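Here is how the chains run, residue by residue.
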Amino acid sequence: MNLKSPPRHIAIVMDGNGRWAKERGWIRIKGHEQGAQSVQECLTACLEVGVEYLTLYAFSSENWKRPQLEVQGLMLLLEQYLGNKIEEMNRNGIRFSAIGRLEELPRSVQQCLHKAIAATAHNKKLTLTLALNYGSRNEIVDAVKVIAQKVAHGTLDPKSINEELISEHLYTAGMPDPDLFIRTSGEYRISNFLLWQLSYSEITITPKLWPDFKKEDLLAAIEEYTSRERRFGGVQ
Ligand code: FPP
């Protein structure tokens, strides 16, 4: 597919793994495993059309409330994914990144994350960011704390606090805001994901469960996005 102006940044809430597994009488983690395949499909689509940033909600700050077995399974899946995919990411020019309160994740996961981040830091085509132990309100709290400290230490003039400065203190500093937000499994919620950054994003909700969301589905969503008229509050 050759598109004139594809979205630079796509953010996805990958929802429906549990339902997908339940429909088959399988344990929930099977849905997450299949969901990791959908991640691969989306990376292929992004590389094909030249999307520069793909940000995926992989584990929210609320997901710790899930059964211990599922949380452990997700952490293990993540470690396996990062362990297996570094070479492929380097081959495809994918830079890996992670956002969230990463310091609260199991130490072994943190080690895998840091290894993948360092090993792919030089890649330039596509930045894959996983939101892990992520909550948008936490992100804003963390940003406000740093900004307040700078003001208290006299290194920041409160008068210079503007939208740009706040963006620069979020975990996503340096990334453009998402152009396209996608949520699977037909739920009409943002669920504490990138609240600040999604202000002007186009939204696509698909009834497909995440494990069923394939390369063609992302390409179709991107194509539909390119036909929309974005006004950013102005007129056209
Ligand atoms: C939401 O579906 C999904 C999650 C909380 C986890 C998302 C994780 C993956 C797709 C796999 C890990 C990713 C990588 C890159 C290895 P849900 O479980 O809430 O589904 P439900 O609403 O049907 O219960």
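It should be emphasised that the depicted structure is a prediction, and the values quoted were computed from it without experimental measurement.

Draft legend 1. Structural view of the overall build of the protein chain. On a plain count of helices and strands, the protein chain comes out with 7 helices and 6 strands. For the protein chain, the succession of helices and strands along the chain, N to C, is β-α-α-β-α-β-α-β-α-α-β-β-α. Expected size for 236 residues packed as a compact globule is a radius of gyration near 18 Å; at 18 Å, the protein chain falls within 12% of this value. Each of the three principal axes of the protein chain carries a C-alpha extent, and together these read 60 × 50 × 35 Å. In the protein chain, which comprises 236 residues, the proportion classed as buried is 48%. Within the protein chain, contacts between residues at least 6 apart in sequence are counted, and of these 78% link residues at least 24 apart.

Draft legend 2. Spatial organisation of the site of the ligand. D15, G18, R19, R28 and R66 are the nearest of the 18 residues found near the ligand. Here an oxygen atom of the ligand sits 3.1 Å away from a polar atom, N or O, in the main chain of N17. A distance of 2.7 Å separates an oxygen atom of the ligand from a polar side-chain atom of R66. In isolation the ligand has 630 Å² of accessible area, and contact with the protein removes 91% of it. Of all elements in the fold, only α1 (17–23), α2 (28–49) and α3 (68–92) reach the threshold of two or more residues within the shell around the ligand. Class assignment for the residues of the shell around the ligand results in 8 nonpolar, 6 polar and 4 charged.

Draft legend 3. Representation of the side chain of Q40. Take Q40: it is sitting in helix α2. Apart from residues lying up to four places away in sequence, Q40 is in contact with Y81, K85 and E88.

About the criteria used
Residues numbered from 1 in each chain as written. Predicted model: local features only at pLDDT ≥ 70, side-chain atom pairs only at ≥ 80, totals over all residues. Heavy atoms only, no water. Helix = DSSP H or I, 4+ residues; strand = E, 2+ residues; numbered from the N terminus. Rg over C-alpha atoms; globule rule 2.2 N^0.38 Å. Buried < 20%, exposed > 50% of the residue type's maximum accessible area, 1.4 Å probe, protein only. Contact = heavy atoms within 4.5 Å. Near = heavy atom within 4 Å. Polar contact = N/O pair within 3.5 Å; in protein donor to acceptor, adjacent residues only side chain to side chain. Areas by Shrake-Rupley, 256 points an atom, 1.4 Å probe, with all protein chains shown as cover. Nonpolar A, V, L, I, M, F, W, Y, C, P; charged D, E, K, R; others polar.

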